[in-house]
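# Close look at the chain arrangement
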Amino acid sequence: MMEWLPGKAKMAIKTTLVGTGLLFIGAAANAQQSMTVEELENFILKKKSELNEAIKQRDDTINKRAELDLKRTEQAQRQNDLEQELRTLCEEREAAEPGSENACLAELNLEPK
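Residues numbered from 1 in each chain as written. Predicted model: local features only at pLDDT ≥ 70, side-chain atom pairs only at ≥ 80, totals over all residues. Heavy atoms only, no water.

With that settled, consider the overall build of the chain. In terms of helices and strands, the chain carries three helices and zero strands. Going residue by residue from the N terminus, the α and β elements of the chain occur as α-α-α. Each of the 113 residues in the chain was classed as buried or not, and the buried ones make up 6%. With the model as given, the accessible surface of the chain reaches about 9,900 Å², and the carbon-plus-sulfur share is 59%. (Helix = DSSP H or I, 4+ residues; strand = E, 2+ residues; numbered from the N terminus. Buried < 20%, exposed > 50% of the residue type's maximum accessible area, 1.4 Å probe, protein only. Areas by Shrake-Rupley, 256 points an atom, 1.4 Å probe, with all protein chains shown as cover.)

In structure tokens:
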């Protein structure tokens, strides 16, 4: 990426980037160190509250997903049961009218066996 730059320019850019990063880290550490004990306790309580809320939302999401998975499974089972019942009806129609099973299955958008 910086192949076209001379060696001193590369070093200056790298030094600037490292210095900027250290400046941001130092500023964040300084901001935390300048808190009083009460401010730090309030900060911790706020973060704990936010964490507990995030955990609650995660648990709610997991529960909702489990409910949806159960409903999806039940729906798939109902669909399979209905499909089997329709196939049985087509087989009964085949017994009454030989050669009609494939047409019956096609009418119902079911794959032939």
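Following the structure, the description resumes.
Per-residue pLDDT for the chain has a mean of 84; in total, 82% of the residues score no lower than 70. When pLDDT is averaged over each element of the chain, helix α2 (residues 37–96) comes out on top at 94 and helix α1 (residues 7–33) at the bottom at 69. (pLDDT = per-residue confidence, 0-100.)

Our next topic: the side chain of S100. With respect to the helices and strands, S100 occurs in the loop between α2 and α3 (101–107). Excluding residues within four positions of it along the chain, S100 makes contact with R93 and E94. (Contact = heavy atoms within 4.5 Å.)

We now examine the side chain of R87. Counting through the fold element by element, R87 comes out in helix α2. Owing to a relative accessible area of 9%, R87 belongs among the buried residues under this scheme. Setting aside anything within four residues of it in sequence, one finds R87 in contact with L105, L110, E111, P112 and K113.

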